[in-house]
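# Coordinates in review
Each chain is listed here by its residues.
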Amino acid sequence: MSVAKKSVDTIRILSAEAIQRANSGHPGICIGAAPIGYELFADFLKFSYKNSKWDNRDRFVLSAGHGSMLLYSLLHLFGFDVTQSDIMNFRQLHSRTPGHPEYGVTDGVETSTGPLGQGIANAVGFAVAEAHLAAMFNKPGYPVVDHFTYVLCGDGCLEEGIGYEACSFAGTQKLGKLILLYDKNDITIEGKMHNTFSEDPATRFAAQGWQVIRVTDANNLALIKAAITRAQSDLTRPSVIICHSVIGYGSPLADTADVHGAPLGEDNLRKTKEFFGWNEEPFAVPLDVKEHCLKLAEDKLEYEREWNKLFKKYELDYPELAEKYKKFMSGADPDFSDLSKLFDFTKPEATRASGGKILNILAANMPNLMSGSADLAPSTKTELKGRSYFSPDNREGCNIHFGIREHAMAAICNGIQLHGGLRIVCSTFFSFSDYMRGGIRMSALMDIPVIYVMTHDSIGVGEDGPTHQPVEQLIALRAIPNIKVFRPCDGKETAAAYMSAFTHSSPSVIVLSRQNLPQHSNSGLTAMTGGYILSDCEGTPDVILIGTGSEIELCTGAQEILASEGIKARVVSMPCIEEFEKQTEEYKEFVLPSSVKARVCVEAASHLTWYKYAKDYGEIVAMHTFGTSGPANELFKHFGFTKENVVEKAKACITKTKNN
C-alpha cells in the first residue's frame, strides 16, 4: 500500500473514531471524500502551517461543514495546531474541534460553515478579494497577491438557493482562481438524490460559465490530481470538479443514508477497519503517514519563505505600493481626524441620502473599501462615486454589482471581509433583509465587521405596500447576538452610526429612511452611545419619550405640545439598543431614570422591542400588523404615528403612574 493511500485511510479512520467517541457527527462524507481532501492538501494547497494566516496562502473552505472531522483530520496530519487530544474531544464542550468548523476556534479554519451553501458563497468572496487585491498591487515579476480558493461542497450545498446564486455570480465574474470540488455521492439524510435533485449539475455549471471537469472515481488520486491541475490551467472561468464518490466508502453502511449523520457504531467501525486493513491503536497516526504528511507540510513552508523574499524586493522597487499593501492588510480604520464634513447637515433629508454622502466622505480616505448592492445602489445611495465597478475586465473596481442575489451577497461579503485587506459594505431594501438573514447571522457568529446598509426602513415606503414595508425586521435583527442595529433619526446620527460601524469588529446594520427627515440640533457624535438625551426639559421630566429614526420627529413635536400644557417631557433618541446596553448602569440611569415611570416608546416597527423600556406603566406606539399600500403621510396617520397620539399616550401613562 502506498503511503498516500495509507494517509487517505488514516483520515477516514481518524474521522470515524472521533465521531464514534463523540457519539455524534457525520462520518459518510469524511470517509467518502477523504481522497479529495488529501490530494488537495498534499499536492496543491499552498499554506504555512507555522503561520496559518500568511497573506498569500490558498484558501480552503469546507462548505459541507457537517464533514468537519474531515477538515480536522487534514489539519492534524499536515501540522496545524490541531492535536490528537483535539481530535479525541471532537464535539465536546469548549473543544477546539466543534461540530461544524468555526472561524477563530480552530487553527486553519478560514470561515464558519454548516448552513449549506454559505461556504460556497464565502469562497466566492475570497476569490473576489484575491482578484481585486491582485489588480491593485501586482506588478510584472511581483505577484504578491496570487492564490487560489478551493471549496468542497456536497449535493446539499447545490440544492440550496444561495449555492445557485453564488455560482451564477462567480461565473458571470469569471473568477478563474475559484475551484469547487463537488463531492457527488447522491445521498442525503432522506435517501437517494433522485428524489429531490434530478437535474444535471454539469449542464447547470456550464450554463453559468464554469469549466466542468469530471472525476469518475473519487478514490483515484491520480484522477483527482489531473482534474485540479486542469482546473488551475484555465484562469478565464471558475472550475467545478464533479467527483463521483461513495458516501461512507468501505463501511457496511456505504452508499446509504444511514452513514450520513450518525456514528457508524462500534461493530460497523470494527468492520470498516477490517476493510481498510487497519490495525493501529485508536486515534493513532501510523509513523510513515505522520512523517509523509509533515514532510509535505514542511516543503510547503518554502512558499512563504519565497513570498517573503519577493515582498522585500517589492518594497525596494515599489515602496509606496508596498506600504499601501501593508496598511490594507493591517485593517486600518478610516481617518476621523476631521469630523466637520461628516456632521454637516442642515436641511431635511432622507437618511439614505445622508448615508450616501457620509459613505463617500469616508471612502475618500479608504482605498481598501468596496461597496455593493443587490441591484439597488441608485436607491440605497451606496455607490462609491468616482470609482468603477468590479468586473472581469476591471478587477480594480471598488463597486460590486451583486445582482438580485441578496442571500449570496451577504455571504460573499463575509468572504471578502474574511480574506483580509478589504472592508466591505453591502445594501438592499430593509424588507429584503429576510432574504439575507442567514449570511447576516454568520457575520455575527464570526464577529466580522461587515456593514449592511438597509434603506426604505418602515411603512414610510408608502405606496409599494406591505411586501416592501419592514415591520418585524428590526426586532428580528436585534435578536441576533453580536450585531449592532442602527436606526438614525437624521444625518448626524447616520454619521455616528457609520463611525461606530467602521471602528468596531462586529457587524453592523444601518437602517435608513426613504423619506426626508428633519435635522435635530442636539444630535451628533453622542449617538454612538446608542441612546442619549436629544431634547430635555428643566428638572425631572414627567414623562420620557423614547424613539428611533423618523419617529424622533413625533417625539419632539409631542414634547412641544406637552410643554405648552405644562407637562415636562424628555426626548431620548435610541438609534442603537445594542450600544446603549453596553453603557454603564450610571449612564443608563442618567438617560432613563428609574424614578420616571411614565414612558412612551415610539417606533414604526414591531412593538416587541420596547416592553423592556416602557416597563409597567409605559405606552408603546408601534406596529401590531403589517402595513398597507398608500401615501406615506397617510399611512403614518392611519397607524397612529402622529405627535397628537404620542401626546395622548404620554398623558395616559402619566395618569397610570399617579394612580399606582
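What comes next is a walk through the structure. (Residues numbered from 1 in each chain as written. Predicted model: local features only at pLDDT ≥ 70, side-chain atom pairs only at ≥ 80, totals over all residues. Heavy atoms only, no water.)

## A short note on the overall build of the chain
Counting its secondary structure elements, the chain contains 25 helices and 20 strands. The C-alpha atoms of the chain give a radius of gyration of 28 Å, which matches the 26 Å a tight globule of 660 residues would have. Taking the principal axes of its C-alpha atoms as reference, the chain extends roughly 90 × 60 × 45 Å. Sorting the 660 residues of the chain into buried and exposed places 62% on the buried side. Counting every atom, the chain has about 24,800 Å² of accessible surface; 50% of that belongs to carbon and sulfur. A distance of 2 Å separates the average location of the 65 positive side-chain charges in the chain from that of its 79 negative side-chain charges. (Helix = DSSP H or I, 4+ residues; strand = E, 2+ residues; numbered from the N terminus. Rg over C-alpha atoms; globule rule 2.2 N^0.38 Å. Buried < 20%, exposed > 50% of the residue type's maximum accessible area, 1.4 Å probe, protein only. Areas by Shrake-Rupley, 256 points an atom, 1.4 Å probe, with all protein chains shown as cover. Lys, Arg positive; Asp, Glu negative; His and termini not counted. Charge placed at Lys NZ, Arg CZ, Asp CG, Glu CD.)

## A look at unusual backbone geometry
Located in the positive-phi region is D255, a residue other than glycine, with phi close to 65°. Looking at where D255 falls in the secondary structure, it is placed in the loop between β7 (239–244) and α11 (266–275).

## Observations regarding the pairing of strand β20 (residues 619–623)
Burial analysis of β20 places five of its five residues in the buried class, the great majority of the element. Alignment of strand β19 (residues 599–606) against β20, held across four bridges, turns out to be parallel. The residue bridging S606 from the neighbouring strand is M623, located in β20. (Pairing = 2+ DSSP bridges.)

## Concerning the nonpolar core
By size, the foremost hydrophobic cluster in this structure holds 80 residues, and its most contacted members are I120, V124, F137, L178, L180, I400 and Y452. Per-element tally for this core: the top contributor is helix α6 (residues 118–137), with 13 residues. (Core = buried A, V, L, I, M, F, W, Y, C linked by side-chain atoms within 4.5 Å.)

## Some details on the state of the cysteines
Inspection of every chain in the model, using the stated rule, returns zero disulfides. Unpaired in this structure, C489 has its nearest cysteine sulfur neighbour in C555, at a distance of 9.8 Å. Sulfur of C555: no disulfide; nearest cysteine sulfur belongs to C601 and is 8.8 Å away. Look at C555 and you get buried, because its relative accessible area is 0%. (Disulfide = S-S within 2.5 Å.)

## What about the packing of helix α8 (residues 161–172) against helix α16 (residues 406–419)?
Here α8 crosses α16 at 70°, and the two axes come no closer than 8 Å. Relative to α16, the element α8 lies roughly perpendicular. Along its contact with α8, which presents I162, E165, A166 and F169, the element α16 presents E406, H407, A408, A411 and I412. Residues of the contact of α8 with α16, tallied by class, amount to six nonpolar, one polar and two charged. (Axes fitted to C-alpha atoms, helices over the stretch in contact; angles between N-to-C directions. Parallel < 35°, antiparallel > 145°, perpendicular 65-115°, else oblique. Contact = heavy atoms within 4.5 Å. Nonpolar A, V, L, I, M, F, W, Y, C, P; charged D, E, K, R; others polar.)

Distances and angles like these do not, on their own, reveal function.
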